[in-house]
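Residue-level listing of the chains:
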Amino acid sequence: MAQYAVLIYAHDSAHAPDATPDDLATCDEHSDELVADGSMVAAFALTPRDMATSIRGDAVTDGPFIDSKEVVAGFYVLEAPDLDAALAIAGRNPVVHDGGGVEVRPIHSGFIGERGNPGNS
Amino acid sequence: MTDAVTVERVIEDTHRREWARVLAATVRVARDLDLAEECVQEAYATAVQVWARDGIPGNPAAWLTTTARRRAVDAIRRDAAMRHRLPLLVDPLLALPAEEEAVPDPRVGRGDDAADAIPDDRLRLIFTCCHPALAQEAQVALTLRLVLGVPTPDIARAFLVPEPTMAARITRAKRKISTARIPYRIPRPGELPDRLRGVLAVIHLLFTAGHTAASGSSLVRTDLVDRAVHLARMLRELMPDDTEVRGLLALLLVTDARRAARVGADGRLVRLQDQDRSLFDAAALAEADDLIVGCLRAGLPGRYVLQAAIASLYAQAPSFEETDWQQIVTLYDRLLEKWPSPVVELNRAVPFAMLAGPAAALGEVQRLERDGRLAGYQYLHAVKADLLSRLGRRREAAAAYGDALALTHNEPERAFLAEQIAAQLKAT
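Looking at the confidence of the model for chain A
Parts of the prediction with low pLDDT should not have their coordinates interpreted in detail. Per-residue pLDDT for chain A has a mean of 92; in total, 98% of the residues score no lower than 70. When the elements of chain A are averaged for pLDDT, strand E4 (residues 59-62) of chain A gives the smallest value, 91, and strand E6 (residues 101-106) of chain A the largest, 97.

Here you go:
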């Protein structure tokens with residue numbers, strides 16, 4: 001098995017600080033599905049683009065690093081035997097048919113520290 | 001003892017015909033594309049000496065495969081680090097440790113008995129090289145390198161890029177295959193149609209790149225064309241039931257059958273209406289015709305079958321004047337249903353002009369021109385120029401030929417267009 005990061009690209013993240021369970025239903029459902037079938041090993045939902053701050057050189061700016069129609073709305077880690085299997089799982093993300101998409105990248109290495117689990121805010 | 005010339009001839013022949021089979025079967029053991037390639041190259045080098053001394057084996061491909069696989073096993077045993085490299089190309093069905101797989105010793109037999117034991121993994125190799133996770137230019141380069149065994153410098157020359165650039169492109173693609181774990185397997189039935197389309201596109205692109213070299217002085221880069229046809233034949237052998245595979249082979253055969261007639265003795269481009277039909281390759285046309293008829297009879301022809309059928313009607317007519325324009329236009333209509341593309345619409349305008357007259361066809365071309373998607377497509381301007389010229393609007397024709405010329409880099413085509421401009425201006 002290998003691990004793949006799936007970066008979710010969407011117009012914006014649904015995970016606003018005041019998001020209601022309804023706002024997040026689609027995301028949660030999909031996430032539950034992947035946890036249940038054992039393919040998702042870690043997941044992080046990011047807050048909307050307005051919350052982003054970027055630094056390039058000495059300049060600190062408001063907003064995402066790349067000014068584009070889509071932002072990274074979140075990312076998760078999949079375990080899959082090969083790229084085709086990872087693409088098949090990642091392709092099931094509802095965002096793919098909702099004006100956004102996903103990018104699948106093999107993971108080189110990484111770790112989650114003791115205090116790394118953000119839980120639900 | 002076998003004389004060196006014979007050995008060399010057999011090796012060259014085996015290299016051309018069997019490289020893919022030998023490499024594909026070696027990858028299974030080596031589980032690393034670079035190691036597999038290295039072992040196959042060494043096997044060919046060993047063959048030069050051993051075959052001259054002991055005679056040519058009954059099944060050269062099996063001998064080479066056995067030798068290459070044995071080398072791969074030795075290399076993995078020797079180099080502990082190799083075992084810890086990324087286990088490439090993981091397919092549960094293939095994932096036997098190399099040691100457990102029976103690799104007969106080539107020194108024992110002459111390779112004849114081993115023939116049955118050598119798996120035919122060529123389809124796996126082809127689908128891996130043409131995986132959609134690789135850029136198409138990388139797919140093309142990898143296919144030439146790994147499936148056809150073309151040396152990297154030759155690939156670089158064929159695509160007019162510096163050798164280090166091509167080498168880097170191939171290395172990058174191989175690295176992505178192992179890092180991202182692009183599997184060494186034939187896609188599942190559900191994915192197959194999509195993935196096969198990608199493979200066919202790579203073969204077609206290879207052919208087109210050779211057929212009308214994008215720039216430079218020769219209209220046909222023969223070697224690329226031959227390689228593409230060879231690959232289409234290989235795929236047909238491996239997937240004999242797929243009509244689109246047969247259709248692509250037929251399309252390449254028909255198109256290439258006109259090779260000798262496309263360029264005059266002076267190296268200049270000859271238009272279809274002026275081509276000497278006795279120069280067409282009748283055997284290739286007949287083979288293509290058989291394929292096309294079989295596919296059409298099977299029903300629901302796809303894009304390549306229809307393109308082949310159109311090309312075949314053009315080429316098989318006794319003369320340009322006697323071409324069955326109505327049938328060609330009908331086939332274009334069916335092709336447009338399968339493959340709605342402005343290029344197909346443009347190509348349809350040519351037989352349509354023969355059927356409905358140049359004025360009606362010009363209307364179609366102008367509609368395409370307004371659409372804008374073909375603005376940078378040289379043939380839009382060339383077709384428009386030809387229609388204008390037939391309508392006697394020679395100044396406009398000259399201007400349109402000029403637009404085509406500005407977009408064309410192939411020397412014979414440039415010369416042809418320049419001549420047309422001169423002829424139009426002279427006639428005004």
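Description of the pattern of salt bridges
All names here are of chain B. Under the counting rule described, the total for this entry stands at 37 salt bridges over all chains. Residue Arg-393 is joined to Glu-396 by a salt bridge in which the shortest nitrogen-to-oxygen separation is 2.9 Å. The class for Glu-396 is partly exposed, based on a relative accessible area of 39%. Three or more residues are tied together by salt bridges with common partners; here these are Glu-18, Arg-21, Asp-120, Arg-122 and Glu-237.

Concerning helix H1 (residues 21-36) of chain A
All names here are of chain A. A rise of 1.5 Å per residue sets the reference length of H1, with its 16 residues, at 22 Å; its end C-alpha atoms lie only 20 Å apart and thus fall more than 12% short of the reference. Taken residue by residue, H1 has Leu-24, His-30 and Leu-34 as its buried positions. On its buried face, H1 sits against strand E2 (40-45), strand E5 (71-80) and helix H2 (83-90). Looking one or two residues beyond H1, the residue adopting positive phi is Gly-38, at roughly 80 degrees.

Here's the deal with the interface of chain B and chain A
Tallying the contact residues gives eleven residues for chain B and nine residues for chain A. Summed over both partners, the interface of chain B with chain A buries about 750 Å², with 49% contributed by carbon and sulfur atoms. Counting across the chain B and chain A interface gives three salt bridges. Measuring nitrogen to oxygen at the nearest pair gives 3.6 Å for the salt bridge that ties Asp84(A) to Arg185(B). Remark: the boundary between chain B and chain A carries five residue pairs in polar contact (both at pLDDT 80 or more). Split into classes, the residues belonging to the side of chain B that touches chain A amount to five nonpolar, two polar and four charged.

A few points about the packing of helix H11 (residues 243-257) of chain B against helix H14 (residues 303-316) of chain B
Residues and elements named next belong to chain B. Where H11 contacts H14, the axes come no closer than 7 Å and their chain directions differ by 30 degrees. Overall, the two elements H11 and H14 adopt an arrangement that is roughly parallel. Between H11 and H14 lies a crossing of left-handed hand. Here Thr-243, Glu-244, Gly-247, Leu-248, Ala-250, Leu-251 and Val-254 of H11 lie close against H14, whose contacting residues are Arg-303, Tyr-304, Val-305, Gln-307, Ala-308, Ala-311, Ser-312 and Ala-315. Tallied by class, the residues present in the contact of H11 with H14 amount to nine nonpolar, four polar and two charged.

Some details on the side chain of Ser54(A)
By the element assignment, Ser54(A) lies in strand E3 (residues 53-56). Non-local contacts of Ser54(A), meaning those with residues more than four positions away in its chain, are made with Ala59(A), Val60(A), Thr61(A), Gly63(A), Pro64(A) and Phe65(A).

Quick look at the pairing of E3(A)
Residues and elements named next belong to chain A. Of the pairings in the sheet, the one linking E3 to E4 comprises four bridges and is antiparallel in character. Paired with Ile-55 across the two strands is Val-60, which belongs to E4. A loop of two residues connects E3 with E4, the two strands running antiparallel in sequence, and Gly-57 in this loop sits at a positive phi of about 60 degrees.

Quick look at the sheet that holds E6(A)
Residues and elements named next belong to chain A. In spatial order, the strands read E2-E5-E1-E6; together these four strands make up an open sheet with antiparallel pairing. Pairing within the sheet leaves two strands with one partner each, and these edge strands are E2 and E6. Each strand axis lies, on average, 20 degrees off the axis of its neighbour in the sheet, ignoring direction. Direction of pairing for strand E1 (residues 2-10) relative to E5: antiparallel, over a ladder of nine bridges. Note that in E5 the partner of Ile-8 across the bridge is Gly-74. Of the strands in this sheet, E1, E5 and E6 touch H2, which is tilted by about 135 degrees from E5.

Notes on helix H2 (residues 33-54) of chain B
Residues and elements named next belong to chain B. Between its first and last C-alpha, H2 extends 30 Å over 22 residues, near the 32 Å set by a 1.5 Å rise per residue. Taken as a whole, H2 carries its principal kink of about 30 degrees at Ala-47. The N-terminus of H2 is capped by Asp-32, whose side-chain oxygen sits 3.0 Å from the backbone nitrogen of Asp-34. With its phi angle positive at about 100 degrees, Gly-55 sits one or two positions after the end of H2.

Considering the packing of aromatic side chains
Residue and element names in this part refer to chain B. Taken as a whole, this structure holds six aromatic pairs over all chains when the rule is applied. Taking 5.5 Å as the distance between ring centres and 70 degrees as the angle between the ring planes, the aromatic pair formed by Tyr-377 and Tyr-379 counts as edge-to-face. By relative accessible area, which is 27% here, Tyr-377 ends up partly exposed. Look at Tyr-379 and you get partly exposed, because its relative accessible area is 32%. Note that Arg-303 overlies the ring of Trp-339, its terminal NZ or CZ placed 3.7 Å from the centroid. One Lys or Arg, Arg-348, reaches over the ring of Phe-352 and ends 4.9 Å from the middle of that ring.

Parameters at a glance
Residues numbered from 1 in each chain as written. Chains lettered and ligands numbered in written order. Predicted model: local features only at pLDDT ≥ 70, side-chain atom pairs only at ≥ 80, totals over all residues. Heavy atoms only, no water. pLDDT = per-residue confidence, 0-100. Helix = DSSP H or I, 4+ residues; strand = E, 2+ residues; numbered from the N terminus. Salt bridge = Lys/Arg side-chain N within 4 Å of Asp/Glu carboxyl O. Buried < 20%, exposed > 50% of the residue type's maximum accessible area, 1.4 Å probe, protein only. Expected span 1.5 Å × (residues − 1). Contact = heavy atoms within 4.5 Å. Buried area = accessible area lost by both parts, 1.4 Å probe. Polar contact = N/O pair within 3.5 Å; in protein donor to acceptor, adjacent residues only side chain to side chain. Nonpolar A, V, L, I, M, F, W, Y, C, P; charged D, E, K, R; others polar. Axes fitted to C-alpha atoms, helices over the stretch in contact; angles between N-to-C directions. Parallel < 35°, antiparallel > 145°, perpendicular 65-115°, else oblique. Left-handed = near helix turned anticlockwise from the far one by under 90°. Pairing = 2+ DSSP bridges. Bend = angle between axes of the 7 residues up to and from the residue. Phe/Tyr/Trp six-rings, centres within 6.5 Å; stacked < 30°, edge-to-face > 60°. Lys NZ or Arg CZ within 6 Å of the ring centre and 35° of its normal.

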